[in-house]
Structures are given as structure tokens and as C-alpha cells.
Amino acid sequence: MKRLTEYINSGFLAAANALRPKSSKTRIVAYVESYDDISFWRSVFDEYENDKFHFEVLLPTRRSLTKGKKSAMMNMLGKGVGKNMIACVDSDYDYLMQGATSSSRQMLGNRYILHTYAYAIENYKCYADSLKRVCVQSTLNDSDILDFEAYFKLYSRISYPLFLWNILLYRNNDLRTMSMQRFCDIVRITSFTISSPQDSLKHLAMRVEHELALLEKRFPHLLPAYTALKEELSRLGIVEDDTYMYIQGHHIMNSVVLRVLGPICRHLRNKRETDIQRLACHKQQMDNELSSYRHSQCDVALMLNKNTNYKESKQYKWLKRDIESLLHYIESQ
């Protein structure tokens, strides 16, 4: 005997909505990829909760732990898309593929699938303009150590040429020459120091330039396509200054941003503790103040995961544009 939940689809929800008084809100079920994504999408839809629409954010299935982008989209498509059932997924490379793969065609060709534009939600949390605030929240120290916007702009410009090759090879179904793992390994940040932050970018540039020389020598016939891809991505609004928003999210968070934030936050904490020790009138006061300060700190990785100060990013604005367009379409039906 089938469970009632198996009969729930967009048509069912539409019929259920029709039974309510006309003043009732339209319920829209939004499937997301994993537990970690619920908070992000909930905060997005909070901006659109009103007297017309109510959103319910769910995992692909309530009967198992199955998760992921494919599960979210296939579950939605299997039950029947419509104005009462949508999927919300990370863009991954599917936005950049622009229909070159089946998953890209499926994601971009369905108005009921919303995507992040940035590679993943983690990229939003790593939005450069918000990183100083993350450090302040973690250390309770507002000192300026690094111009995060300038640093990640340079990081992006250095990584961009190799990023283009990565996309181009993926579009040509070559996943071995420049695998995601290899690309991420090349564009990681190593040996970041506060005294010479530029050194980490110099090391990055050396690795990227070495790889670019090999690729240009091996694939000279792809150079025209490389130039065309650069122009195409530019028309999509993807430029070299914010490449880090389109690189694998876990990599950007763990192997780039936290490699920078870690030393900076340690320095800020040490500086604050030194100030407390210097300014304390006596040992008891110093011990009390140090204890209070240490208990008030938060792990920088935790604060980064909780970061929500990305709403001025252009990618988030594109996402909001898509939601507003979808709601306008639903209202017109």
C-alpha cells in the first residue's frame, strides 16, 4: 500500500491550495540538497514570505538520507514540477557549462530549478567583502591586518587563466587532463604569513604559470576556443576579479580562505591578549580579563560557516532576480 506522501506532487499541492480561502497563502515546497543547505535557502525565502507565498524547505526525501543535487532535481522532476514545487541547488559547474552537459541543460532549462550562480553556498560565506567582519566576530578585535577585497581580487586574477582551461576541458568532456582535484590543488594557498601576504600569491602565480605553459603547448588547437570562452563568460557576468566565487566551494573555504583567516585571527588574538597584559593594573585583573576574553572568542571556521554577510554580492542579486521572476510567473498563472 502506497504511503500518502508518494501521492504528493505539484498538482496535488495546487489542488490543495485551491481548497483554501482565496486569502490563504500559496504553499511552495523547495527541495534542497542537504541539511547544511536548509538554513541558507530558508534565509533566502524569508525575504519573500508575505500574504501571498509560504515556502517550506525540505530534503529530497523524508524516508531516507539520500541527498545531493541529482537527488533534489530528480525527486522534483519525478513528482512533477509546477508552481508549488521547486528545487534549489548549488550551481557547481553547471551554470558555466551553459548546456554542454545533460545536468547543465536540465538545471538551466527549467524555470522551477533555482541555483546559486556561485559554485556553492560555501562561496557565498567566503565573500571577500565580509571576511573582515568574520575576523572581528571571531576575535573581538577590529584591527586592520589585510585588505581582503584586494587580496582575493588578486587571487582571482591569478587563478582565472587556469580556471578558463578547466572549464574548457570540462566542456570538451576531458575530465582527466585537468581534474577538479588537480585544479584545486594548483590554486590552493600555501605558506600564508601576515608579514608577507604577497608571497602566497607569488607561489600561486608560479604554479599557475607552469601549468598554463604545459596546457598551451599540449592543446594549441584549443586556443581559439579558449578566447571565445573568455568572451562568453564575460557576457554572463563572470570576470577575472571574482573567480573565487566559481571555484569548488569546499576548496575555497578550507584550502584558501581559512588558510588566510587562521593566521590573521591568531595574530589578532595574540595582539588583544598582549594589550590586556600591558594595561592590567594587577595580576588578578589581568587573569580575569584574559579569562573573559578567551571565553568570548569563537572559532573562525565556525564563524565563517555562520557568515551571512554576502547579500551584496552580484551572484546573490542574480539569485534574487530569478526568485522574483519565478514568483511573478506563478502569480500570472
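Look a little higher up for the structure.
Thresholds applied
- Residues numbered from 1 in each chain as written.
- Predicted model: local features only at pLDDT ≥ 70, side-chain atom pairs only at ≥ 80, totals over all residues.
- Heavy atoms only, no water.
- Helix = DSSP H or I, 4+ residues; strand = E, 2+ residues; numbered from the N terminus.
- Contact = heavy atoms within 4.5 Å.
- Areas by Shrake-Rupley, 256 points an atom, 1.4 Å probe, with all protein chains shown as cover.
- 1 Å grid on protein atoms, 1.4 Å probe; cavity = no way out; pocket = protein on both sides within 12 Å on 5 of 7 lines; lining within 4 Å.
- Points joined across faces, edges and corners; volume = space filled by probe spheres on them.
- Nonpolar A, V, L, I, M, F, W, Y, C, P; charged D, E, K, R; others polar.
- Buried < 20%, exposed > 50% of the residue type's maximum accessible area, 1.4 Å probe, protein only.
- Salt bridge = Lys/Arg side-chain N within 4 Å of Asp/Glu carboxyl O.
- Axes fitted to C-alpha atoms, helices over the stretch in contact; angles between N-to-C directions.
- Parallel < 35°, antiparallel > 145°, perpendicular 65-115°, else oblique.
- Left-handed = near helix turned anticlockwise from the far one by under 90°.
- Pairing = 2+ DSSP bridges.

Asks: Go over the overall build of the protein, please, and point to the residues and values.
Replies: What the protein contains, in helices and strands, is 15 helices and four strands. Considering only intrachain contacts with a sequence separation of at least 6, the fraction spanning at least 24 residues in the protein is 78%. About 17,000 Å² of surface is accessible on the protein, with carbon and sulfur atoms providing 51% of the total.

Asks: How would you explain empty space enclosed by the protein if you had to name every residue and give the values?
Replies: Inspection of every chain in the model, using the stated rule, returns one cavity of 30 Å³ or more. In this structure, the largest cavity occupies an estimated 60 Å³ of space. In terms of lining residues, the largest cavity is bounded by Lys132, Cys135, Val136, Asn141, Ser143, Asp144, Ile145, Leu146, Phe148, Ile264 and Leu268. Of all the secondary-structure elements, those providing two or more residues to the lining of the largest cavity are α7 (131–139) and α12 (249–279). Among the elements that take part in the lining of the largest cavity, α7 stands out by supplying three residues, more than any other. Taken together, the residues of the lining of the largest cavity sort by class into seven nonpolar, two polar and two charged.

Asks: Describe the environment of Glu289, listing the residues and the values that go with them.
Replies: Looking at the element boundaries, Glu289 is found in helix α13 (residues 283–296). By relative accessible area, which is 42% here, Glu289 ends up partly exposed. It is 8.9 Å that separates the C-alpha atoms of Glu289 and Glu273, two residues lying 16 residues apart in sequence.

Asks: Any details on the pattern of salt bridges? Residues and values, ideally.
Replies: Scanning all chains against the criterion turns up 20 salt bridges. Its salt-bridge partner being Glu47, residue Lys311 comes within 3.5 Å of it at the nearest N-O pair. In this pair, Lys311 is assigned in the loop between α14 (300–305) and α15 (314–332) and Glu47 in the loop between α2 (35–46) and β2 (53–58), connecting sequence segments 264 residues apart. Residue Asp275 is joined to Lys271 by a salt bridge in which the shortest nitrogen-to-oxygen separation is 3.9 Å.

Asks: Talk me through the packing of α7 against α12; I want residue IDs and the actual numbers.
Replies: Contact geometry of α7 with α12 gives a least axis separation of 10 Å together with a crossing angle of 45°. In terms of axis orientation, α7 runs oblique to α12. Where α7 crosses over α12, the handedness of that crossing is right-handed. Facing Leu131, Val134, Cys135, Ser138 and Thr139 of α7, the residues of α12 in contact are Val257, Leu261, Ile264, Cys265, Leu268 and Arg269. Counted by class, the contact of α7 with α12 contains eight nonpolar, two polar and one charged residues.

Asks: Break down the pairing of strand β3 (residues 85–89) for me, with residues and values.
Replies: Within β3, five of the five residues are buried, leaving the element largely enclosed by the surrounding structure. Of the two faces of β3, both are covered, the one formed by Met85, Ala87 and Val89 as well as the one formed by Ile86 and Cys88. With three bridges joining them, strand β1 (residues 26–31) and β3 adopt parallel strand pairing. Considered in β3, the bridge of Tyr31 is made with Ala87. Where β3 lies against strand β4 (residues 113–115), three bridges are found, and the strand directions are parallel.

Asks: So, unusual backbone geometry: which residues are in play, and what are the values?
Replies: Here Asp92, not a glycine, exhibits a phi torsion of approximately 50°, which is positive. One non-glycine residue with positive phi stands out, namely Ser191, at about 55°. Following the sequence through the fold, Ser191 ends up in the loop between α9 (180–186) and α10 (197–218). Residue classification places Ser191 among the exposed positions, given a relative accessible area of 54%.

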